[in-house]
Amino acid sequence: MKQSRTDEYYMHMALDLSRRGMGRTTPNPMVGCVLVKDGKVVGRGWHDHLGGLHAEAAALADAGEKAHGATAYVTLEPCSHQGRQPPCAPALVRAGIARCVCAIGDPNPKVSGRGLKILRDAGIETTCGILADEAAWHNRGFLSLQTRGRPWVTLKAAVSADGSMCLANGESRWVTGEAARTAGQLLRSENDAILTGSGTLEHDDPALTVRDVDGVSPRPVILCSDLHCLDGHYKALNERTIVIGGEGASVPQEWSGRVHPVPVVPEGVLDLGAVLTKLGELGIARLMVEAGPRLSSAFIAGGWVDEYHLFSAPKFMGEGGKITTSLRLDRMYEAVPFTRLAYRPVGGDLWIEGGNPCSLDWLKRLAR
């Protein structure tokens, strides 16, 4: 669709506002709203946290009577159902807005076109599709949860120039420099949960928290087929931790009711598809995988990774654990591709951001 520069300008503003809810709105989307009247912004709002005011309601409260006759720029179709907060589409009607511009429709079956219909039936002009690709990428976790029933999966790894994540003896501190590690902390803060395996838990005892940067720490997710890791005292095991084990595994008394069982595949590891489905049921929209070579490789080989953040250090580490350690290919056409999205230096290392071509195509189709 043809987009006016004015509409794009204010939608960019609304998208910027929506980012203020990063890490605090799941399983709800991040939404921003700007109210414009006579070429001036009269109201701003964003969904700040789960259970808090929706973006439209916050913007209407900010604008007051000035909302009458204004244009509302919203990053997602206004909702039409009663949830933790009242529906936004009827509120916009009552406020007397003249026009509503949204970036993308809401795939939630409780909304899905109903919000825009309420506005149109009230005689309000509606436009949808302004900065759709940007808005879909911004809310990729919410869209994945609503339409695929699983979180958007980001794999983050520090690797040497020859693809090693650790030395042959398991030593991995530190593959990359401080700047790359700080960037990794920022990535953690953008996700709802961070997943690792029992091997990393036992070898490194990571806290899996956000440190040295502003942001909300994601929930730890620990995969442990036989649940032996629950016998130890590790930093990542706390009241927020999601533990996923194999069906039939013996659960320690203190963890009763807090472990989520999934099937174990013939190779003796957890079914990663079932793991992601379970996390979707728990409301996790964006998941970061920050694991060792074996588990990282399994996510890559299974096609479960949607987004990659690889921090590559200019060094060779020899016969260590490779990020593709379990990937066995016989033909070049079997190689696992990813689309390069960004390529930038960070300190003395290289930050490579990529996406699964299938996931990127799916997201683009959804935005349309």
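Figured I'd write up the structure that's included with this text. These figures come from a predicted structure and were not determined experimentally.

1. Examining the state of the cysteines
Applying the stated criterion across every chain yields a total of zero disulfides. Sulfur of Cys88: no disulfide; nearest cysteine sulfur belongs to Cys79 and is 3.7 Å away. Cysteine Cys166 remains unbridged, with the sulfur of Cys224 as its closest cysteine sulfur at 19 Å. With a relative accessible area of 12%, Cys166 lands in the buried category.

2. Some thoughts on the packing of helix 6 (residues 140–148) against helix 11 (residues 357–367)
Helix-helix packing is described using two parameters, namely the angle between the two axes and the distance between the axes. Remark: helix 6 packs on helix 11, axes separated minimally by 11 Å, with the N-to-C direction vectors making an angle of 85°. Between helix 6 and helix 11, the crossing angle belongs to the class labelled roughly perpendicular. Every residue of helix 11 that contacts helix 6 at Arg140, Leu143, Ser144, Thr147 and Arg148 is listed here: Ser359, Trp362, Leu363 and Leu366. Partitioned by chemical class, the residues of the contact of helix 6 with helix 11 number four nonpolar, three polar and two charged.

3. A short note on the packing of aromatic side chains
Here the structure, examined in full by the defined rule, presents six aromatic pairs. Where Tyr308 meets Phe338, the ring centres are 5.2 Å apart and the plane angle is 35°; that geometry is what we call tilted. Note that Tyr308 is positioned in strand 13 (residues 307–313) and Phe338 in the loop between strand 14 (321–322) and strand 15 (339–346), a separation of 30 residues in sequence. Note on Tyr308: relative accessible area 6%, which makes it buried. Residue Phe338 is classed as partly exposed on the basis of its relative accessible area, which comes to 35%. Chaining the aromatic ring pairs together yields one cluster made of Tyr9, Tyr10 and Tyr73. Positioned above the aromatic ring of Trp255 is the side chain of Arg258, whose terminal nitrogen or guanidinium carbon lies 4.0 Å from the ring centre.

4. Digging into a negative patch on the surface
On the surface, Glu202, Asp226, Asp231 and Glu254 cluster together to form a negatively charged patch. With respect to the helices and strands, Asp231 occurs in the loop between strand 9 (219–223) and strand 10 (242–246).

5. Focus: the environment of Ser144
Position of Ser144 relative to the elements: it lies in helix 6. For the pair Ser144 and Met332, spaced 188 residues apart in the sequence, the C-alpha separation amounts to 30 Å. Setting aside chain neighbours within four positions, we find Ser144 in contact with Gly149, Arg150, Pro151, Trp152 and Trp362.

Criteria and thresholds
- Residues numbered from 1 in each chain as written.
- Predicted model: local features only at pLDDT ≥ 70, side-chain atom pairs only at ≥ 80, totals over all residues.
- Heavy atoms only, no water.
- Disulfide = S-S within 2.5 Å.
- Buried < 20%, exposed > 50% of the residue type's maximum accessible area, 1.4 Å probe, protein only.
- Axes fitted to C-alpha atoms, helices over the stretch in contact; angles between N-to-C directions.
- Helix = DSSP H or I, 4+ residues; strand = E, 2+ residues; numbered from the N terminus.
- Parallel < 35°, antiparallel > 145°, perpendicular 65-115°, else oblique.
- Contact = heavy atoms within 4.5 Å.
- Nonpolar A, V, L, I, M, F, W, Y, C, P; charged D, E, K, R; others polar.
- Phe/Tyr/Trp six-rings, centres within 6.5 Å; stacked < 30°, edge-to-face > 60°.
- Lys NZ or Arg CZ within 6 Å of the ring centre and 35° of its normal.
- Patch = residues over 30% accessible without salt bridge, like charges linked within 9 Å, V, L, I, M, F, W, Y side chains within 5 Å.
- Areas by Shrake-Rupley, 256 points an atom, 1.4 Å probe, with all protein chains shown as cover.
- Salt bridge = Lys/Arg side-chain N within 4 Å of Asp/Glu carboxyl O.
- Lys, Arg positive; Asp, Glu negative; His and termini not counted.
- Charge placed at Lys NZ, Arg CZ, Asp CG, Glu CD.

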